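Breakdown of the fold
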Number of protein chains: 2
Amino acid sequence: MKIIFQKPALLNGLNIVLKAVSSKSTMPILECILIDAEDTNIKLTANDMELGIETTIEGNILGKGKIAINAKLFSEIIRKLPDNDVTIESDENFLLTISCEKSKLRIPGQSGEEFSYLPDIEKGSYVCLSQFTLKEVIRQTIFSIAANDVNKIMTGELFEINENTLRVVALDGHRISIRNVILKDNYPDQKVIVPGKTLNEVSKILSGDVDQDVYIFFTGNHICFEFDNTIVVSRLIEGEYFRVNQMLSDNYETKVRINKKELLGGLERSVLLVRENDNKPIVLNFEDEKLEISLNSSLGSMREDMPVQKQGKDLMIGFNPRYVIDALRVIDDEEIDLYMTNAKAPCFIKDEKGSYIYLILPVNFLPANYS
Amino acid sequence: MKIIFQKPALLNGLNIVLKAVSSKSTMPILECILIDAEDTNIKLTANDMELGIETTIEGNILGKGKIAINAKLFSEIIRKLPDNDVTIESDENFLLTISCEKSKLRIPGQSGEEFSYLPDIEKGSYVCLSQFTLKEVIRQTIFSIAANDVNKIMTGELFEINENTLRVVALDGHRISIRNVILKDNYPDQKVIVPGKTLNEVSKILSGDVDQDVYIFFTGNHICFEFDNTIVVSRLIEGEYFRVNQMLSDNYETKVRINKKELLGGLERSVLLVRENDNKPIVLNFEDEKLEISLNSSLGSMREDMPVQKQGKDLMIGFNPRYVIDALRVIDDEEIDLYMTNAKAPCFIKDEKGSYIYLILPVNFLPANYS
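Position numbers for residues count from 1 along each chain, tracking the sequence in the order it is written. Chains carry letters from A onward and ligands carry numbers from 1 onward, assigned in written order. Whole-chain, interface and lining totals are the exception, using all residues; otherwise, since this is a predicted model, local features are given only for residues with pLDDT of at least 70 and side-chain atom pairs are given and counted only at 80 or more. With hydrogens and water set aside, each side-chain value is computed from the structure's full complement of heavy atoms.

Taken together, the contact between chain B and chain A spans 27 residues of the former and 27 residues of the latter. For any pair of parts, buried area is found by adding up, for both, the accessible area (1.4 Å probe) each one loses once the two are put together. A buried area of about 2,500 Å², summed over both sides, lies between chain B and chain A, and 54% of it is on carbon and sulfur atoms. Any carboxyl oxygen of Asp or Glu within 4 Å of a side-chain nitrogen of Lys or Arg constitutes a salt bridge here. For the interface between chain B and chain A, the tally reads two salt bridges. For Lys80 of chain B, the salt bridge goes to Glu268 of chain A, with nearest N and O atoms at 3.9 Å. Polar contacts, as counted here, are pairs of nitrogen or oxygen atoms within 3.5 Å of one another; within protein the pair requires one atom able to donate a hydrogen and one able to accept it, and residues that are adjacent in sequence qualify only if both atoms are side-chain atoms. Linking chain B to chain A there are 12 residue pairs in polar contact (both at pLDDT 80 or more). Where helices and strands are cited, they refer to DSSP runs of H or I of at least four residues and of E of at least two residues respectively, numbered from the N terminus. Counting residues per element, the ones that place at least two in the side of chain B that touches chain A are helix H2 (71-80), strand S9 (103-108), helix H5 (260-270) and strand S19 (300-307) of chain B. With seven residues, the single largest contributor to the side of chain B that touches chain A is S19 of chain B. Side-chain classes are defined by residue name, with Ala, Val, Leu, Ile, Met, Phe, Trp, Tyr, Cys and Pro counting as nonpolar, Asp, Glu, Lys and Arg as charged, and the others, Gly among them, as polar. For the side of chain B that touches chain A, the residue count by class is 13 nonpolar, four polar and 10 charged. Bridge count for strand S9 (residues 103-108) of chain A against S19 of chain B is four bridges, and the pairing is antiparallel. What sits directly across from Arg106 of chain A, in S19 of chain B, is Ser301 of chain B. Whether two residues are in contact is decided by their heavy atoms: any pair within 4.5 Å suffices. Any two strands with at least two DSSP-identified bridges between them are counted as paired.

Superposing chain B onto chain A takes a rotation of 180° combined with a translation of 0.0 Å along the rotation axis, leaving an RMSD of 0.0 Å. Such values leave the two copies arranged in the relation of a two-fold axis. A symmetric contact is evident, with 100% of the interface residues of chain B recurring at the interface of chain A. Copies are brought into register by a least-squares superposition over C-alpha atoms of residues with pLDDT of at least 70 in both.

Glancing now at the pairing of strand S8 (residues 95-100) of chain A. Residue and element names in this part refer to chain A. By the criterion of burial, S8 is predominantly enclosed, with five of the six residues buried. As paired strands, strand S7 (residues 85-90) and S8 are joined by four bridges and run antiparallel to one another. When the sheet's bridge partners are listed, Thr87 is paired in S8 with Ser99. Counted between consecutive antiparallel strands, the loop separating S7 from S8 contains four residues, among which Phe94 sits at a positive phi close to 60°. The turn joining S8 and S9, which pair antiparallel and follow one another in sequence, is formed by two residues; a positive phi near 50° is taken by Glu101. Residue exposure (1.4 Å probe, protein chains only): buried if accessible area is under 20% of the type maximum, exposed if over 50%, otherwise partly exposed.

Residues and elements named next belong to chain A. Relative orientation of the contacting elements helix H5 (residues 260-270) and helix H6 (residues 321-329) amounts to 145°, with a least axis distance of 10 Å. Seen from above, H5 lies across H6 with left-handed handedness. Two secondary-structure elements touch here, H5 through Lys260, Leu263, Leu264, Leu267, Glu268 and Ser270 and H6 through Pro321, Val324, Ile325, Leu328 and Arg329. The residue makeup of the contact of H5 with H6, split by class, is seven nonpolar, one polar and three charged. Lines fitted to C-alpha atoms define the axes, with helix axes restricted to the stretch in contact, and inter-axis angles between N-to-C directions lie between 0 and 180 degrees. Crossing handedness: left-handed means the near helix sits turned counterclockwise from the far one by under a right angle, and right-handed means the same turn made clockwise.

The next thing to look at is the sheet that holds strand S14 (residues 222-227) of chain B. Residue and element names in this part refer to chain B. Ordered by their spatial adjacency, eight strands build an open sheet running S6-S2-S3-S4-S15-S14-S13-S10, and the pairing between neighbours is antiparallel. Two strands bound the open sheet, and with one partner strand each, they are strand S6 (65-70) and strand S10 (126-130). Neighbouring strand axes in the sheet, compared pairwise and without regard to direction, differ in orientation by 15° on average. Strand direction decides the pairing type here: S10 and strand S13 (residues 213-218), joined by five bridges, are antiparallel. Bridging from a neighbouring strand, Tyr126 pairs with Phe217 of S13. Its contacts with the sheet put H2 on strand S2 (32-37) and S6, and the angle it makes with S6 is roughly 95°.

Next up on the list: the side chain of Gln140 of chain A. Residue and element names in this part refer to chain A. If you trace the backbone, Gln140 turns up in the loop between helix H3 (131-139) and strand S11 (156-171). For Gln140, the side chain forms a polar contact with the side chain of Arg179, separated by 3.4 Å. For Gln140, the residues in contact, after removing those within four places along its chain, are Ser177, Arg179, Val330, Asp332 and Tyr358.

The patch calculation keeps residues exceeding 30% relative accessible area without a salt bridge and links them within 9 Å when they carry like charges or within 5 Å when they are nonpolar (Val, Leu, Ile, Met, Phe, Trp, Tyr). Values of accessible area rely on a 1.4 Å probe in the Shrake-Rupley scheme; residue burial ignores everything except the protein chains shown. Here Asp and Glu are counted as negative and Lys and Arg as positive; His is not counted, and neither are the chain ends. Charge positions are represented by NZ for Lys, CZ for Arg, CG for Asp and CD for Glu. A surface patch of negative charge is lined by Glu101 of chain A together with Glu262, Asp332, Asp333, Glu334 and Glu335 of chain B. Inspection of the secondary structure assignment puts Asp333 of chain B in the loop between helix H6 (321-329) and strand S22 (335-340). On the basis of relative accessibility, which here comes to 32%, the residue Asp333 of chain B falls in the partly exposed class.

These results come straight from atomic positions and should not be treated as a statement about function.
Here you go:
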């Protein structure tokens, strides 16, 4: 195999597939990427058996062939080469020679035969949306998946398609984040659970361009994202997702409209007084047209007032401030609406057009004795 | 005590003194800064007993007093406040109230009485140089102090003044880095060993402005840096520094002029093949008007040619590539001169006007069998 690349094109391709390379593995082949130039295209592939990425890059094939090569070492070498033509050539023993200007490096590779290719995806059922929308919808929900996999289903996100709506749901037992996206077309119904890790990696590769599309294909066990010159294939999480609709409610006793930036600022200051693993609640006291937030901890105390527009009853309610901060950070609206029933029932942050719903469970609190 | 600050001025002062706050300490007072407004100025002080920093900041004193307050918590709170007036007020129990717009936070402080003030420095002997020069001279030498303190003296740098020259020396047993700076005036002779940690922190605080001066004062046990509104006082390392002049030599058998960027690029690529804690040498083979660098390791091999201007004998010599990289990264010249005698004797990288000398000891190597 002998190929000439432009360094930036090769490096760009490597940066994409590196997202699917195992960082710690007992099998050297899982730390490799496959460079495949057996056909007319040059494909780079990485596959950690959960997540696989394949991307096609520009280059001039002088000799056909393929080789598996340590991903980290190979990409670090390419990164440090001058910005010029890079030639790679492998011999019958899979020794790879990398040449650029007067520099020549040799590193041992492996036969591509042992490499696990991406599973073949039957491209039947799919949806199409912009890279921007997919990247945003991941960012706006991914923080509320569960960090550990005591409950495997909570480490993924529900992707649910119903006619022309994509609903993305993440929940961890303390909160639920829901985003609804209107698609340009109608599609057949779908309901799959996508691993959070896959979504994190896909989101890093997506350019986020409004004018570039992503096609998402569904099979029984896999989801496949196609965009630019890249294909990402991931296993799905098996099982039935939680019945989220049963947890939602349109009833409320107190509705409050509030400036998002002011509330977020106050909450961000309050968490400075909360040591990690300490679950001091922030107390929100809605009285007349005013919200007073307060927090007491071993480190100190804080209190802050802000104006609100309130409908319904006065209410005092406590939250883990970090959960409220997480939701507010991904809402772009300047003014937000909070819907609450009482100090034991969930609080909903949602907009009128139904593009988002953030449900946060309250926590018990002792009334603040800040004087 | 009651003071009104502009948030940016307070935050800027905090960022300076934070450099001298112990990160891990069993004594809470060492994690504090002192806010002192007993006089007409407002001074912030931090002192970890090795290094002390005091800075004067703008503010409006409405009530005199002083307080010691946890440095990390206080500065994180200030950072998260709106960019506006910040009022701090302490009561008789040293409870500190921080107010900004509608936000009010309270954190417990301590009496300033237990706080260790900076030692009084008798401002006799001194030198003056620009912030730019001091910051540069630290950057250009600090990498070659010893990381661990098996030999305490090696963890510091020699600051030696002789008439109008400041010589800064750092060495770790494998290499020596020397920078000579011409001062504007003549000063009395001085020879002190300054802790590397002090120089690292001072270098972070220095603006690096060519037009701003630093005054350095010397006493028997301390060094004091005065610049802008800030005073940094540090203990010196006791003992006699190594006799560096005995290690230097003007003799050589081979002198080579080489493009710095080309050599650095080759070396940076070579270290990608060297695992950490593995001491694979880079072999430099100077033959006629050409340098071939090569390295073999368990990860692979590399070879690179570059043109040189050579005087004297051909030579093959091995180095730890990281030591050569460290020196080349802080030399600004496009072309550098290497002076060597044989494969067992130190290599000198130095300029003709004597502003820098980098001595690097060679290492044993097996001739590369790169084919």
